[in-house]
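# Descriptive analysis of the structure
Residue-level listing of the chains:
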Amino acid sequence: MRFVLFAAVLIASPALAQRPAKPAPAPHPGAEVYQNICQACHMANALGGEGAGKIPALAKNGALEAAGYPIMVVTGGKNAMPWFRGALTDQQISDVINYVRSNFGNKYKDKVTPATVAEMGVPAPKGGMREQ
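So, a few notes on the structure that sits alongside this text. Just so you know, these numbers come straight off a predicted model, no measurement behind them.

Another point: the packing of aromatic side chains. In this structure the tally under the stated criterion is 3 aromatic pairs. Plain terms: the ring middles of Tyr34 and Tyr99 are 5.9 Å apart, the flat faces sit at 50° to each other, and that makes the pair tilted. Note that Tyr34 is positioned in helix H2 (residues 29–42) and Tyr99 in helix H4 (residues 90–101), a separation of 65 residues in sequence. Of the two residues examined, Tyr34 and Tyr99, each falls in the buried class. On the numbers, 5.1 Å between centres and 40° between planes, the contact of Tyr34 with Phe104 is tilted. Taken together, the residues span a long stretch of sequence, with Tyr34 in helix H2 and Phe104 in the loop between H4 and helix H5 (114–120) at a distance of 70 residues. We classify Tyr34 as buried; its relative accessible area is 1%. Grouped by ring-pair contacts, the aromatic residues Tyr34, Tyr99 and Phe104 constitute a single cluster.

Set out below in structure tokens:
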């Protein structure tokens, strides 16, 4: 009897070892926008930097507490930061704001919606992207 049980365990072992792994959780929808657009200036760790100009840190940033502030900055630009209204959809803007506000040491729980971006955001410029 022991031999049969031992043989059954050996036979079943390869099948148990081949169970598919749990899929990785889906990335935050704003992570891709951050990685492809924002981190070029604000850095992968969101600590900003200095060089030809000062790029503010987004990590542990108290200015992000009021959701209207990042909406205004992302849609309308500020100082050296260009506006992204018209270049990104309201969905992408809300996704990246929510991503930054809930990562990099920020723990703001209230969510920005595309409707909030549409309502509170700076309108897209009439002539498209501003001329440099």
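On we go.
Overall, the coordinates contain 3 salt bridges when judged by the stated rule. Notably, a salt bridge pairs Asp110 with Arg101, separated by 2.9 Å at the nearest N-O pair.

This paragraph deals with a nonpolar patch on the surface. On the surface, a nonpolar cluster with roughly 220 Å² of combined accessible area is contributed by Tyr69, Met72 and Val122. Tracing the chain through its elements places Met72 in helix H3 (residues 68–76).

Further remarks concern the side chain of Arg101. Among the secondary structure elements, Arg101 is positioned in helix H4. Taking the relative accessible area as the measure of exposure, Arg101 reaches 1% and is therefore buried. Each residue touching Arg101, except ones within four places of it in the same chain, is listed here: Leu64, Glu65, Ala67, Pro70, Asn106, Lys107, Tyr108, Asp110 and Val112.

Let's shift gears to a positive patch on the surface. A cluster of basic residues, Lys60, Lys107, Lys109 and Lys111, forms a positive patch at the surface. The class of Lys60 is exposed, set by a relative accessible area of 69%.

Linking two cysteines covalently through their sulfur atoms gives a disulfide. Under the criterion given, the structure shown has 0 disulfides. Cysteine Cys38 is unpaired, with the sulfur of Cys41 as its nearest cysteine sulfur at 8.8 Å. Overall, the relative accessible area of 18% leaves Cys38 in the buried class. We classify Cys41 as partly exposed; its relative accessible area is 41%.

Let us look at the nonpolar core. Membership of the largest hydrophobic core comes to 22 residues, with the highest contact counts inside it found for Tyr34, Ile97, Val100 and Phe104. Of all the secondary-structure elements, those providing two or more residues to this core are H2, H3 and H4. Ranked by residues supplied to this core, first place goes to H4 with 5 residues. If we ignore the near neighbours within four places in the chain, the residues touching Tyr34 are Gln39, His42, Met43, Ala44, Ala46, Leu58, Val96, Tyr99, Val100 and Phe104.

Criteria and cut-off values
Residues numbered from 1 in each chain as written. Predicted model: local features only at pLDDT ≥ 70, side-chain atom pairs only at ≥ 80, totals over all residues. Heavy atoms only, no water. Phe/Tyr/Trp six-rings, centres within 6.5 Å; stacked < 30°, edge-to-face > 60°. Helix = DSSP H or I, 4+ residues; strand = E, 2+ residues; numbered from the N terminus. Buried < 20%, exposed > 50% of the residue type's maximum accessible area, 1.4 Å probe, protein only. Salt bridge = Lys/Arg side-chain N within 4 Å of Asp/Glu carboxyl O. Patch = residues over 30% accessible without salt bridge, like charges linked within 9 Å, V, L, I, M, F, W, Y side chains within 5 Å. Areas by Shrake-Rupley, 256 points an atom, 1.4 Å probe, with all protein chains shown as cover. Contact = heavy atoms within 4.5 Å. Lys, Arg positive; Asp, Glu negative; His and termini not counted. Charge placed at Lys NZ, Arg CZ, Asp CG, Glu CD. Disulfide = S-S within 2.5 Å. Core = buried A, V, L, I, M, F, W, Y, C linked by side-chain atoms within 4.5 Å.

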